[in-house]
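What the coordinates show
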Amino acid sequence: MAIPTLRKLRQGTGRPVLLGMVIAVAAAMSYGSSQVIARQLVTESVAPLVVSFLSMAFGVGFFAVQGTQGFRKDRGAPRRAFAFMALAGAAGSAASATTVIALSYAPVATVSPVVGASPLISVLLAHRFLQRLERVTPRLWIGVAMVVAGITLITASNA
Amino acid sequence: MSDMVLAILLGIAAAIAFGFVPVFARLGLVHLRTNTGVLTSMLAGLFVVGLFAVPLHIRDMFAISMLTLLWVAILGFANYRLGRFFNYTSVRLIGVARASPLLATAPLWATLAAIVFLGETPNAATLLGVVTVVGGVALIVSERS
């Protein structure tokens with residue numbers, strides 16, 4: 001299966017903002033399908049940590065070639081950049097594990113709306129720490145709040 | 001402390017940790033290619049999960065059937081090879097503020113897939129949620145800055 005690369009996708013449109021939004025939705029669709037598969041696997045009495053560890057190991061395997069090529073090209077990059085990416089991965093894994101533990105104490109309808117507020121926290125952090133890289137407008141705040149509210153409704157109503 | 005309070009506190013901790021992910025990624029991807037960033041983050045994540053999964057479930061890992069392992073591999077492809085690559089690419093292209101809420105729409109797509117492919121009937125709250133999400137996404141997408 002041909003996997004699109006950033007360069008190929010950019011060559012296709014030349015419009016990074018629209019392209020970025022389309023790719024973000026594609027990521028959400030990938031995550032959505034993952035949720036369906038993960039739910040099925042966990043209900044088949046495979047421990048969530050096992051599913052998480054093995055699927056991530058497969059993910060590393062699927063990405064090994066491209067990732068290794070990237071490492072070679074980015075040899076001269078600052079070490080703090082690698083540290084930030086490692087922190088991103090570690091934070092994501094810690095968050096997933098914490099969510100699983102939270103779900104063992106309370107139903108999805110209680111936990112998901114709380115965890116689902118993470119985009120608000122991301123935007124708050126971006127507003128505080130990434131002012132040099134991006135600007136958060138009131139319109140964006142309202143949009144983020146509506147998405148979080150809507151996802152909370154969908155998750156709670158399906159729990 | 002009741003179970004409910006503990007679950008909510010853990011949920012808040014998870015939300016904060018999830019909230020930091022795109023911010024760290026944005027800072028790292030200023031200097032790194034997306035491919036390098038994705039692999040670095042996955043290796044770190046694998047290490048963290050492995051710290052708990054390997055000691056607790058090493059026997060369970062070898063007891064999994066081949067069919068289940070195939071589904072786990074498909075999950076790894078969808079969640080990491082596609083999902084995380086697209087996630088970091090979008091953060092790089094449009095930033096945290098616009099990418100994060102769009103990425104958070106995953107339950108919307110899961111719900112729509114369940115309606116289309118599994119024939120599930122959405123209730124009023126789900127439909128209201130879909131309309132709210134679409135409205136929020138429209139606001140984010142129409143932002144020009």
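Keep in mind that what you see is a predicted model, and the values were worked out from it rather than measured.

So, the overall build of chain A
Looking only at helices and strands, chain A features 7 helices and 0 strands. Its helices and strands in sequence order give chain A the pattern α-α-α-α-α-α-α, from N to C terminus. For chain A, buried positions account for 41% of its 159 residues. Here chain A has roughly 8200 Å² of accessible surface; of this, 64% comes from carbon and sulfur atoms.

With respect to the confidence of the model for chain A
All names here are of chain A. The predicted model of chain A has a mean per-residue pLDDT of 83, with 90% of residues at 70 or higher. Looking at the elements of chain A, mean pLDDT is at its lowest for helix H1 (residues 6-13), recorded as 47, and at its highest for helix H3 (residues 48-73), recorded as 91. Contacts from residues 8-14, a stretch scored under 50 in pLDDT, to residues over four places away or in other chains number 6 contacts.

Description of the domain arrangement of chain B
Once the domains are mapped, chain B shows domain 1 (3-95) and domain 2 (105-145). For domain 1 of chain B and domain 2 of chain B, the distance between their C-alpha centroids amounts to 24 Å.

Looking at the packing of H3(A) against helix H3 (residues 66-103) of chain B
Packed helix pairs are specified by the crossing angle of their axes together with the interaxial distance, meaning the distance between the axes. With their axes 7 Å apart at the nearest point, H3(A) and H3(B) run at an angle of 60° to one another. Between H3(A) and H3(B), the interaxial angle falls into the category oblique. Note on packing geometry: the crossing formed by H3(A) with H3(B) is right-handed. Two secondary-structure elements touch here, H3(A) through Val51(A), Ser52(A), Leu54(A), Ser55(A), Met56(A), Phe58(A), Gly59(A), Phe62(A), Phe63(A) and Gln66(A) and H3(B) through Leu69(B), Val72(B), Ala73(B), Leu75(B), Gly76(B), Phe77(B), Tyr80(B), Arg81(B) and Phe85(B). A class-by-class count of the residues in the contact of H3(A) with H3(B) yields 13 nonpolar, 5 polar and 1 charged.

Some remarks on helix H5 (residues 124-141) of chain B
Between the first and last C-alpha of H5(B) there are 26 Å, a value that for 18 residues agrees with the 26 Å anticipated at 1.5 Å per step. Its buried side turned inward, H5(B) meets helix H2 (16-43) and helix H7 (138-158) of chain A together with H3 and helix H4 (106-118) of chain B. The backbone nitrogen of Ala125(B) lies 3.3 Å from a side-chain oxygen of the residue at the head of H5(B), namely Asn123(B).

Cut-off values and rules
- Residues numbered from 1 in each chain as written.
- Chains lettered and ligands numbered in written order.
- Predicted model: local features only at pLDDT ≥ 70, side-chain atom pairs only at ≥ 80, totals over all residues.
- Heavy atoms only, no water.
- Helix = DSSP H or I, 4+ residues; strand = E, 2+ residues; numbered from the N terminus.
- Buried < 20%, exposed > 50% of the residue type's maximum accessible area, 1.4 Å probe, protein only.
- Areas by Shrake-Rupley, 256 points an atom, 1.4 Å probe, with all protein chains shown as cover.
- pLDDT = per-residue confidence, 0-100.
- Contact = heavy atoms within 4.5 Å.
- Domains from an automatic or database assignment.
- Axes fitted to C-alpha atoms, helices over the stretch in contact; angles between N-to-C directions.
- Parallel < 35°, antiparallel > 145°, perpendicular 65-115°, else oblique.
- Left-handed = near helix turned anticlockwise from the far one by under 90°.
- Nonpolar A, V, L, I, M, F, W, Y, C, P; charged D, E, K, R; others polar.
- Expected span 1.5 Å × (residues − 1).
- Polar contact = N/O pair within 3.5 Å; in protein donor to acceptor, adjacent residues only side chain to side chain.

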